[in-house]
Amino acid sequence: MASSLFISTPIPTKPISKQIPFSFPSSNPIIRSFTHKPSRNLVVSSSAATTNAIEADTRTSNSAATPAKSLPFRVGHGFDLHRLEPGYPLIIGGINIPHDKGCEAHSDGDVLLHCVVDAILGALGLPDIGQIFPDTDPKWKGAPSSVFMEEAVRLMHEAGYELGNLDATLILQRPKVSPHKEAIRANLCKLLGADPSVVNLKAKTHEKVDSLGENRSIAAHTVVLLMKK
């Protein structure tokens, strides 16, 4: 039986350095909390420091929530509703509409103009009409809503925007809006300084359902698109 000869050649070796356990980075904050131990001298409890950190976070979150004024366009939605009562004028879009009831309100109760103002303010990221023109302020008692419109348009231009287009919907059971629709739209265009081609007005009944359908209230919805100048 043949024998095999095995010759072992010494293999040069290098000293083995101390191995560092492998760790992988993770974006998961829970994993990081287990894999990375903070230095003890960094764990300092300070109520003042905590308060400052919370305030800083609040400022950061507030600034992030505020729309940047460099946006190329902004969209706003407005809604308003008023109760109808005898003895008040019914004013829609600045036009006095003959009816046996009108809007009970602190100002002239123009549901359409109030709605448009709220849509513009909303698009600009500003407080609503009730905060800017509170009904607790006597100077707005019986004020024409055109005053509110002028201020909303001023704020729009001041922020560097102009009206792209507007779409409004009136909701009321009576009276019929169709005979007054063009007069309302023309006055709305005048107050906005807008071409009639970008201002749309629709009117719907509420099919005799709830206060709107029972002619006890009137409502309006408005959507506006503001474009950067």
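These numbers come from a predicted model, not from an experiment.

(A) Layout of the confidence of the model for the protein. Here the protein shows a mean pLDDT of 77. Residues at 70 or above account for 70%. In the predicted structure, residues 1-9 sits below a pLDDT of 50 and forms zero contacts with residues beyond four places in sequence or in another chain. Taken together, the stretch residues 16-67 has pLDDT below 50 and engages in five contacts with residues farther than four places along the chain or on a different chain.

(B) Main features of the environment of Gly 125. Mapped onto the fold, Gly 125 is located in the loop between helix 3 (111-123) and helix 4 (129-132). Sequence separation of Gly 125 and Val 75 is 50 residues, and the distance between their C-alpha atoms is 9.8 Å.

(C) Local environment of the pairing of strand 1 (residues 73-85). The pairing of strand 1 with strand 7 (residues 217-228) spans eleven bridges and is antiparallel. Bridging across to strand 7, Asp 80 finds its partner in Ala 220. Of the pairings in the sheet, the one linking strand 1 to strand 4 (residues 102-103) comprises two bridges and is antiparallel in character. Residue Glu 85 lies in a different strand from strand 4, and its bridge partner there is Gly 102.

(D) Inspection of the sheet that holds strand 4 at higher detail. Spatially, the five strands line up as an open sheet ordered 4-1-7-5-6, and their pairing is mixed. Looking at the sheet topology across the chains shown, the edges are occupied by strand 4 and strand 6 (199-204). Along the sheet face, helix 3 touches strand 1, strand 5 (161-171), strand 6 and strand 7 and points at about 150 degrees away from the line of strand 1. Contacts from helix 6 (residues 181-192) reach strand 5 and strand 6, with the element oriented near 140 degrees to strand 6.

(E) Here's a closer look at the layout of surface pockets. Estimated volume of the largest pocket: approximately 250 Å³. Lining of the largest pocket is provided by 14 residues; of these, Ser 107, His 114, Ile 129, Phe 133 and Asp 135 occupy positions nearest its centre. Of all the elements, strand 1 adds the most residues to the lining of the largest pocket, at three residues. Residue composition of the lining of the largest pocket, by class: six nonpolar, five polar and three charged.

(F) Structural view of the packing of aromatic side chains. This structure, assessed with the given rule, holds one aromatic pair. With centroids separated by 4.5 Å and ring planes inclined at 35 degrees, the aromatic side chains of Phe 133 and Phe 148 adopt a geometry described as tilted. Of this pair, Phe 133 sits in the loop between helix 4 and helix 5 (146-158) while Phe 148 sits in helix 5, and the two are 15 residues apart along the sequence. Residue Phe 148 is classed as buried on the basis of its relative accessible area, which comes to 4%.

(G) Structural context of the pattern of salt bridges. All chains considered together, the criterion is met by seven salt bridges. Linking Arg 83 and Glu 104 is a salt bridge whose minimum nitrogen-to-oxygen distance equals 2.7 Å. In this pair, Arg 83 sits in strand 1 while Glu 104 sits in the loop between strand 4 and helix 3, placing the two residues 21 residues apart along the sequence. Residue classification places Arg 83 among the partly exposed positions, given a relative accessible area of 46%. Residue classification places Glu 104 among the partly exposed positions, given a relative accessible area of 31%. Put simply, Glu 182 and Arg 185 hold a salt bridge, and the shortest N to O gap is 3.3 Å. Of this pair, Glu 182 and Arg 185 both sit in helix 6, three residues apart, roughly one helical turn.

(H) Here's a closer look at the packing of helix 5 against helix 6. Contact pair helix 5 / helix 6: the axes reach a minimum separation of 9 Å and the direction vectors enclose 45 degrees. In this view, helix 5 runs oblique relative to helix 6, as classed from their interaxial angle. Between helix 5 and helix 6, the residues in contact are Ser 146, Met 149 and Val 153 and Leu 188, Leu 191 and Leu 192, respectively. Residues of the contact of helix 5 with helix 6, tallied by class, amount to five nonpolar, one polar and no charged.

So, how was this worked out
Residues numbered from 1 in each chain as written. Predicted model: local features only at pLDDT ≥ 70, side-chain atom pairs only at ≥ 80, totals over all residues. Heavy atoms only, no water. pLDDT = per-residue confidence, 0-100. Contact = heavy atoms within 4.5 Å. Helix = DSSP H or I, 4+ residues; strand = E, 2+ residues; numbered from the N terminus. Pairing = 2+ DSSP bridges. Axes fitted to C-alpha atoms, helices over the stretch in contact; angles between N-to-C directions. 1 Å grid on protein atoms, 1.4 Å probe; cavity = no way out; pocket = protein on both sides within 12 Å on 5 of 7 lines; lining within 4 Å. Points joined across faces, edges and corners; volume = space filled by probe spheres on them. Nonpolar A, V, L, I, M, F, W, Y, C, P; charged D, E, K, R; others polar. Phe/Tyr/Trp six-rings, centres within 6.5 Å; stacked < 30°, edge-to-face > 60°. Buried < 20%, exposed > 50% of the residue type's maximum accessible area, 1.4 Å probe, protein only. Salt bridge = Lys/Arg side-chain N within 4 Å of Asp/Glu carboxyl O. Parallel < 35°, antiparallel > 145°, perpendicular 65-115°, else oblique.

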